[in-house]
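As a plain string of letters, each chain reads:
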Amino acid sequence: IGQTDAERKTVTRAQIVKSPQYKLARAKADVFFDTARDFFDVADFHVYSTRPEEIGACATWMLQQMSKRGYTKLLDCCEAASPFFDWTEERFAECVVKMTIIGISAGCRKVLWSSLLPTAGWSLNYLRTALIDTNESDTAAFHTYGMMTEKLADIESISEFEGRPQNTAAYLAKTPA
């Protein structure tokens, strides 16, 4: 957690789960999933992370919450951004692709990047994950995002590739027959 690399603090899952903020958020999520099923058609979540894999964990958790209550809904991630820490231009471009592919393979119908333009007054973490930089120039990630969306336009589904070597990520993209 933190607003900048210099302010970054490592927090464990155990620490988060014990926090009053987590307990309140979890209670609200339970109420939502228990009572709102008839009031929405598409569930949406936002994920800002240093680890692109977290989008998959978030999507899986949301789908599991609905499933264990006996229903399913479409799932979108309408705000995704990474990396928040250890940022480089190369890593930023890589995270655009990884978050999108992992999110779709985990069950998201859509993964939208946040944001196109930097928002004045937001922390450095948000400013540097905008696809257009503060000088109004396209970033490498902007071009990567464009190429990726063009390649994904005709894709029917994306799934993790079974039988991949340990500690590697591989995905299978299917096109319509």
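Keep in mind that this is a model prediction, so the values were computed, not measured.

1. Digging into the overall build of the chain
The number of helices and strands found in the chain is 6 helices and 5 strands. Taken from N to C terminus, the helices and strands of the chain fall in the order α-α-β-α-β-α-β-α-α-β-β. The C-alpha radius of gyration computed for the chain amounts to 17 Å, which stays within 12% of the reference 16 Å derived for 177 residues, consistent with globular compactness. Projecting the C-alpha coordinates of the chain onto the three principal axes gives extents of approximately 50 × 45 × 35 Å. Considering the chain as a whole, with its 177 residues, one finds that 31% of them fall into the buried category. Summarising the internal contacts of the chain: among those between residues at least 6 apart in sequence, 64% fall at separations of at least 24. As displayed, the chain has an accessible area near 11,000 Å², and 56% of this comes from carbon and sulfur atoms. Between the averaged position of the 20 positive side-chain charges in the chain and that of its 23 negative side-chain charges there is a distance of 10 Å.

2. Remarks on the sheet that holds strand β2 (residues 74–81)
Spatially, 3 strands are ordered β1-β2-β3 in an open sheet, and the strand pairing comes out parallel. Across the chains shown, the open sheet's two edge strands, defined by having one partner strand only, are β1 (42–48) and β3 (110–113). Mean inter-strand twist for the sheet, computed between neighbouring axes without regard to direction, equals 20 degrees. Judged from the 7 bridges that link them, β1 and β2 form a sheet pairing that is parallel. Bridge pairing in β2 places Val-47 opposite Ala-80. Along the sheet, helix α4 (residues 89–105) contacts β1, β2 and β3; its crossing angle with β3, the most-contacted strand, is approximately 160 degrees.

3. Details of the pattern of salt bridges
Scanning the entire structure with this criterion turns up 9 salt bridges. Among the ionic pairs, Glu-53 bridges to Arg-51, the shortest N-O distance being 3.6 Å. Looking at Glu-53, the relative accessible area reads 38%, which means it is partly exposed. Measuring nitrogen to oxygen at the nearest pair gives 2.8 Å for the salt bridge that ties Lys-98 to Glu-94. Separated by 4 residues within a single helix, Lys-98 and Glu-94 lie in helix α4, roughly one turn from each other. The partly exposed category is assigned to Glu-94, whose relative accessible area is 36%. Several salt bridges converge on common partners, so that one network encompasses Arg-26, Asp-30, Asp-34 and Arg-69.

4. With respect to the nonpolar core
Core analysis: the largest hydrophobic core is formed by 30 residues, its most contacted members being Phe-45, Ile-55, Cys-77, Ala-80 and Trp-113. Considering each element in turn, this core owes the most residues, 5 residues, to α4.

5. Focus: the packing of α4 against helix α6 (residues 140–152)
At a closest axis distance of 8 Å, the pairing of α4 and α6 adopts a crossing angle of 30 degrees. With respect to their mutual orientation, α4 and α6 come out roughly parallel. Seen along the crossing, α4 lies across α6 with a hand that is right-handed. Each of Glu-89, Phe-92, Ala-93, Val-96, Val-97, Thr-100, Ile-101 and Ile-104 in α4 lies in contact with α6, whose residues at this interface are Ala-140, Ala-141, Thr-144, Tyr-145, Met-148 and Leu-152.

6. So, the side chain of Ser-82
With respect to the helices and strands, Ser-82 occurs in the loop between β2 and α4. A polar contact of 2.7 Å, which involves the side chain of Ser-82, links it to the backbone oxygen of Ser-49. Once residues lying within four places of it in the same chain are set aside, the contact partners of Ser-82 are Ser-49, Thr-50, Arg-51, Pro-52, Phe-92, Cys-95, Met-99, Trp-113 and Thr-129.

7. Considerations on the packing of aromatic side chains
Taken as a whole and assessed by the stated rule, the structure comprises 10 aromatic pairs. Ring centres of Tyr-48 and Phe-84 lie 5.7 Å apart, and the angle between their planes is 50 degrees; this geometry places the pair in the tilted category. You can see Tyr-48 sitting in strand β1 and its partner Phe-84 sitting in the loop between β2 and α4, a full 36 residues away along the chain. Of the residues examined, Phe-84 reaches a relative accessible area of 9% and is grouped as buried. Considering the side-chain rings of Phe-84 and Tyr-126, the 5.0 Å spacing of their centres and the 80 degrees angle between planes classify their relative orientation as edge-to-face. Residue Phe-84 is found in the loop between β2 and α4, and its partner Tyr-126 is found in helix α5 (residues 124–127); the two are separated by 42 residues along the sequence. Among the residues examined, Tyr-126 registers a relative accessible area of 27% and is labelled partly exposed. Pairwise contacts between aromatic rings join Phe-32, Phe-33, Phe-40, Trp-61 and Tyr-71 into one cluster. The ring of Phe-40 has Lys-73 sitting right over it, with the charged end atom 5.1 Å from the ring centre.

Thresholds, definitions, all that
Residues numbered from 1 in each chain as written. Predicted model: local features only at pLDDT ≥ 70, side-chain atom pairs only at ≥ 80, totals over all residues. Heavy atoms only, no water. Helix = DSSP H or I, 4+ residues; strand = E, 2+ residues; numbered from the N terminus. Rg over C-alpha atoms; globule rule 2.2 N^0.38 Å. Buried < 20%, exposed > 50% of the residue type's maximum accessible area, 1.4 Å probe, protein only. Contact = heavy atoms within 4.5 Å. Areas by Shrake-Rupley, 256 points an atom, 1.4 Å probe, with all protein chains shown as cover. Lys, Arg positive; Asp, Glu negative; His and termini not counted. Charge placed at Lys NZ, Arg CZ, Asp CG, Glu CD. Pairing = 2+ DSSP bridges. Axes fitted to C-alpha atoms, helices over the stretch in contact; angles between N-to-C directions. Salt bridge = Lys/Arg side-chain N within 4 Å of Asp/Glu carboxyl O. Core = buried A, V, L, I, M, F, W, Y, C linked by side-chain atoms within 4.5 Å. Parallel < 35°, antiparallel > 145°, perpendicular 65-115°, else oblique. Left-handed = near helix turned anticlockwise from the far one by under 90°. Polar contact = N/O pair within 3.5 Å; in protein donor to acceptor, adjacent residues only side chain to side chain. Phe/Tyr/Trp six-rings, centres within 6.5 Å; stacked < 30°, edge-to-face > 60°. Lys NZ or Arg CZ within 6 Å of the ring centre and 35° of its normal.

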